[in-house]
2 protein chains.
Amino acid sequence: MAGAPEWRFDPLTGRRVLISPDRADRPRRIGPICPFCEGHESETPPEVLAYRDHGSAPNGPGWRVRVVPNRYAAVRLDAGAPWTPPAPAIGPVPTPGLGVAEVILESPDHETHFCEVPHSLVIEVVTAWRERLRHWRTDGRLAFAQVFKNEGAGAGASVEHCHSQLIGIFFVPPAVAAEIERVGRGPCAYCRWLGTTRDGPCAVVESDLFIAVCPPAPRFPGETWVLPLAHASSFEDIEDPELNDLAVVLQDLLVRIRRAFSDPDYNLIIRSAPFRHDETWHWRIELLPRTTTPAGWEWGTGELINTMFPDQAAALLRAAG
Amino acid sequence: MAGAPEWRFDPLTGRRVLISPDRADRPRRIGPICPFCEGHESETPPEVLAYRDHGSAPNGPGWRVRVVPNRYAAVRLDAGAPWTPPAPAIGPVPTPGLGVAEVILESPDHETHFCEVPHSLVIEVVTAWRERLRHWRTDGRLAFAQVFKNEGAGAGASVEHCHSQLIGIFFVPPAVAAEIERVGRGPCAYCRWLGTTRDGPCAVVESDLFIAVCPPAPRFPGETWVLPLAHASSFEDIEDPELNDLAVVLQDLLVRIRRAFSDPDYNLIIRSAPFRHDETWHWRIELLPRTTTPAGWEWGTGELINTMFPDQAAALLRAAG
């Protein structure tokens, strides 16, 4: 253990960064010796959730989807002084990197592309995302958690075996808070937007319950969002009968992205409402193909450059069905 | 030409992205056939500045450092309607991607590491940065320009031959404006900060005129800033007698970064004051080794995770001298 994580604040730029030395110890596991494969359960911390074949014992083989604490956690519940809400403000004094970090192993076999994972497992993965978000919302200590997935080294993955992650922290990230404030209370701005977008040039594909669309200001060529057609603030409130439909749309979209953008590395991000939330929100899953590399201009100015209009990307994705 | 660049705005997230289809046509030139080598002048637009051997003709061989318009420009002066200040506000209506984009070729030979470019050329590169910023400040149409450098494909470079870029636009990026507002008028907060940092654990190396330090909230392991010890708002006001000293510090620091962080790809960013500026500012050069890959957590929340404290990075860089 290289040291407890801390948030560090730069009073000049106003920038806050989480410094997490343990993350540097992550082994880069690309290849046949994989800690996430069935039979290697001892290489991860004990599971906190698993969907298992009847009769199989915890932390042994026989699982289909498995959730474990992240061995190289960016944030930890024991990072500093005992947990004392209200959480400390993040300012000039270094703040303990309190939080949780979990890994969702998405297949017992060494799959590297989520779009190739068997459909029945995708349903169980989506279910595990829901269950872990529900768990931490009920726990009550965290203000915000995000489920996300990095596929491919170019998207930040250090292990190629299909997996996703959950990180939960004790404050709402300002970027998330700012979007909530923009959207405001009252009638849902996303519902209104979907009404006009649904039959427009940026729509990609639609099921009974979900729609995939390219957003108005995409950050990468091919950025696509999946949203529920009916209003819903929190991903973790998704009901059992909706899970199959979501898994179908998600996997269909990932296949389209793979075909249309030459099998790109990508990030998947669930943007759900913060846990203690009473404003309008409409959850979405963001898919960010890492088709370009933000460079000096973007890191210096905060201004992003994309090379493809969203209607062009949507046309490619529609044709890739 | 695939289409004029436009700023697109997402009224839901508040996000603005520059969509620049021409950028997608950039050839990836990694290898011996290089458009930036001496003798290939016809592969770039005509030069706007060059430091040349006596008697050599423009746009032919004989140059040492050469500045040309970017053939695959992210922004263009002819991107939309004729230039009519005051510039349009960026909002729901797509806004033309007005601006300038230039490339500074940093060596006639096929150098791929700026830290290996002969020192006399580094001085001329720094001079070219100054001259082009002075040119566009005097021009008066742009509000802001940034000089930056992407070294290595992992840092976003599409051509490996050493080069830097200038992009100028008609507004001050909100992230830059926010930092200016934080720092405020009156005594320079950076001068005050340097006073306490200079002899502290985050200082790396110092010359007569410049200092290299790791900032309080670094975004990547090894992020380092170079600042003038004496107060100065605008990089382009640097005087001739200071150029050699800056070139020495910059190249020394790049060698240290190469040694301490295993020859990383990196971005170099000049953070100078906006052109029409009457507030306090203190220019700096930021060096960002691309030692980690921002992934789903960072893209979803805007919160960065680093794996190394700034004093640890500074100790490595001091030892790498």
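Attention here is on the structure that accompanies the text. (Residues numbered from 1 in each chain as written. Chains lettered and ligands numbered in written order. Predicted model: local features only at pLDDT ≥ 70, side-chain atom pairs only at ≥ 80, totals over all residues. Heavy atoms only, no water.)

Quick look at the interface of chain A and chain B
Contacts between the two partners involve 70 residues from chain A, matched on the other side by 70 residues from chain B. Of the roughly 5,800 Å² buried where chain A meets chain B, counting both sides, 64% is carbon and sulfur surface. On the chain A side of the interface with chain B, the three residues burying the most area are Leu 12, Trp 297 and Trp 299 of chain A, jointly 15% of the side's total. Where chain A packs against chain B, one counts 2 salt bridges. For Glu 303 of chain B, the salt bridge is made with Arg 16 of chain A, and the minimal N-O distance between the two is 2.7 Å. At the junction of chain A and chain B, the tally comes to 20 residue pairs in polar contact (both at pLDDT 80 or more). Counting residues per element, the side of chain A that touches chain B draws most heavily on helix 2 (residues 174-183) of chain A, at 6 residues. For the side of chain A that touches chain B, the class distribution of residues is 42 nonpolar, 14 polar and 14 charged. (Contact = heavy atoms within 4.5 Å. Buried area = accessible area lost by both parts, 1.4 Å probe. Salt bridge = Lys/Arg side-chain N within 4 Å of Asp/Glu carboxyl O. Polar contact = N/O pair within 3.5 Å; in protein donor to acceptor, adjacent residues only side chain to side chain. Helix = DSSP H or I, 4+ residues; strand = E, 2+ residues; numbered from the N terminus. Nonpolar A, V, L, I, M, F, W, Y, C, P; charged D, E, K, R; others polar.)

Structural notes on the pattern of salt bridges
Side chains carrying opposite charge are able to pair once their charged atoms draw close together. Per the stated rule, a full pass over the model turns up 53 salt bridges over all chains. As a salt-bridge pair, Arg 66 of chain B and Glu 47 of chain B come within 2.6 Å of each other at their nearest N and O atoms. With Arg 66 of chain B in strand 4 (residues 63-69) and Glu 47 of chain B in the loop between strand 2 (15-19) and strand 3 (49-52), this pair connects stretches of sequence that are 19 residues apart. For the salt bridge of Asp 78 of chain B with Arg 76 of chain B, the shortest nitrogen-to-oxygen distance reads 3.0 Å. When its relative accessible area of 12% is taken as the criterion, Arg 76 of chain B is described as buried. One network of salt bridges, in which partners are shared, links Glu 179, Arg 219, Glu 223, Arg 271, Arg 284 and Glu 286 of chain A. (Buried < 20%, exposed > 50% of the residue type's maximum accessible area, 1.4 Å probe, protein only.)

Side note on the sheet that holds strand 2 of chain B
With mixed pairing, 4 strands are arranged side by side in an open sheet as 14(A)-2(B)-1(B)-5(B). Either end of the sheet is taken by a strand with one partner, and the two such strands are strand 14 (304-306) of chain A together with strand 5 (95-96) of chain B. Note that strand 1 (residues 6-10) of chain B and strand 5 of chain B share 2 bridges and pair antiparallel. Note that in strand 5 of chain B the partner of Trp 7 of chain B across the bridge is Thr 95 of chain B. (Pairing = 2+ DSSP bridges.)

Side note on helix 1 (residues 119-139) of chain A
Residues and elements named next belong to chain A. Compared with the 30 Å implied by 1.5 Å per residue over 21 residues, the 30 Å span of helix 1 between its first and last C-alpha is a close match. Turning to helix 1, its buried residues are Leu 121, Val 122, Glu 124, Val 125, Val 126, Thr 127, Ala 128, Trp 129, Arg 130, Arg 132, Leu 133 and Trp 136. Two residues or fewer after helix 1 comes Gly 140, characterised by a positive phi angle close to 90°. (Expected span 1.5 Å × (residues − 1).)

Section: the packing of aromatic side chains
Residues and elements named next belong to chain A. According to the stated counting rule, one finds 26 aromatic pairs over all chains in the structure shown. Aromatic side chains Phe 170 and Phe 171 sit 5.4 Å apart centroid to centroid with 75° between the ring planes, which places their arrangement in the edge-to-face category. Residue Phe 171 is classed as buried on the basis of its relative accessible area of 14%. Between Phe 210 and Trp 283, the ring centres sit 6.0 Å apart and the planes meet at 50°, which makes this aromatic pair tilted. Of the two residues, Phe 210 sits in strand 10 (residues 210-213) while Trp 283 sits in the loop between strand 12 (266-271) and strand 13 (284-289), which places them 73 residues apart along the sequence. (Phe/Tyr/Trp six-rings, centres within 6.5 Å; stacked < 30°, edge-to-face > 60°.)

Quick notes on the side chain of Glu 286 of chain A
Residue and element names in this part refer to chain A. Inspection of the secondary structure puts Glu 286 in strand 13. Of the polar contacts made by the side chain of Glu 286, one reaches the side chain of Arg 271; its length is 3.5 Å. Residues in contact with Glu 286, not counting those within four places in the same chain, are Arg 219, Thr 224, Trp 225, Asn 267, Leu 268, Ile 269 and Arg 271.

Here's the deal with the relation of the copies chain A and chain B
Two copies of the chain are present, and they differ by a rotation about an axis and a shift along that axis. Overlaying chain A with chain B gives an RMSD of 0.0 Å, the required rotation being 180° about an axis along which the chain moves by 0.0 Å. Both copies are brought into coincidence by an operation consistent with a two-fold rotation axis. Identified as the residue of chain A closest to the rotation axis by C-alpha distance is Gly 154 of chain A, at 4.4 Å. Taken as a fraction of all interface residues of chain A, those also at the interface in chain B reach 100%, which identifies the copy contact as same-surface. (Least-squares fit on C-alpha atoms with pLDDT ≥ 70 in both.)

Observations concerning the side chain of Arg 284 of chain B
For Arg 284 of chain B, the position within the fold is in strand 13 (residues 284-289). Its relative accessible area of 0% is what places Arg 284 of chain B among the buried residues. Within the structure, Arg 284 of chain B has its side chain in polar contact with the side chain of Glu 179 of chain B (distance 2.8 Å). In contact with Arg 284 of chain B, other than residues within four places in its own chain, are Thr 13 of chain A together with Glu 179, Tyr 190, Trp 225, Val 226, Leu 227, Ile 269, Ile 270 and Arg 271 of chain B.

Some remarks on the packing of helix 1 (residues 119-139) of chain B against helix 4 (residues 240-260) of chain B
Residues and elements named next belong to chain B. Direction vectors running N to C along helix 1 and helix 4 enclose 120°, while the axes themselves pass 9 Å from each other. Here helix 1 and helix 4 pass one another in a crossing that is right-handed. On the side of helix 1, the interface is formed by His 119, Val 122, Ile 123, Val 126, Thr 127, Trp 129 and Arg 130, while helix 4 contributes Asp 240, Leu 243, Asn 244, Leu 246, Ala 247, Val 248, Leu 250 and Gln 251. When its residues are assigned to classes, the contact of helix 1 with helix 4 shows 9 nonpolar, 4 polar and 2 charged. (Axes fitted to C-alpha atoms, helices over the stretch in contact; angles between N-to-C directions. Left-handed = near helix turned anticlockwise from the far one by under 90°.)

Comments concerning unusual backbone geometry
All names here are of chain A. Of note, the phi angle at Asn 59 is positive, near 60°, even though the residue is not glycine. Inspection of the secondary structure assignment puts Asn 59 in the loop between strand 3 (49-52) and strand 4 (63-69). Its relative accessible area of 33% is what places Asn 59 among the partly exposed residues. Backbone geometry places Ser 262, a non-glycine residue, at a positive phi of 55°. Along the polypeptide, Ser 262 turns up in the loop between helix 4 (240-260) and strand 12.

Quick word on the nonpolar core
Ranked by size, the top nonpolar core spans 50 residues in total, and within it Phe 114, Trp 129, Val 226, Phe 235, Leu 246 and Ile 285 of chain B carry the most contacts. When sequence neighbours within four positions are dropped, the list of residues in contact with Phe 235 of chain B reads Val 126, Trp 129, Arg 130, Leu 133, Leu 246, Ile 270, Ser 272, Trp 283 and Ile 285 of chain B. (Core = buried A, V, L, I, M, F, W, Y, C linked by side-chain atoms within 4.5 Å.)

A few points about helix 3 (residues 189-197) of chain B
Residues and elements named next belong to chain B. Looking at helix 3, one finds that the buried residues are Ala 189, Tyr 190, Trp 193, Leu 194 and Thr 197. The buried residues of helix 3 all sit within an arc of 135° when viewed along its axis, so they share a single face. Relative to its buried face, helix 3 has exposed residues pointing more than 90 degrees away, namely Arg 192, Gly 195 and Thr 196. (Arc of directions from axis to C-beta.)

A look at the packing of helix 4 of chain B against helix 6 (residues 310-319) of chain B
Residue and element names in this part refer to chain B. The interhelical angle for the contact between helix 4 and helix 6, taken along N-to-C directions, is 105°, at an axis separation of 8 Å. Taken together, the axes of helix 4 and helix 6 are roughly perpendicular relative to one another. For the pair helix 4 and helix 6, contact is made by Arg 256, Ile 257 and Ala 260 and by Leu 316, Leu 317 and Arg 318, respectively. Looking at side-chain class alone, the contact of helix 4 with helix 6 contains 4 nonpolar, no polar and 2 charged residues. (Parallel < 35°, antiparallel > 145°, perpendicular 65-115°, else oblique.)

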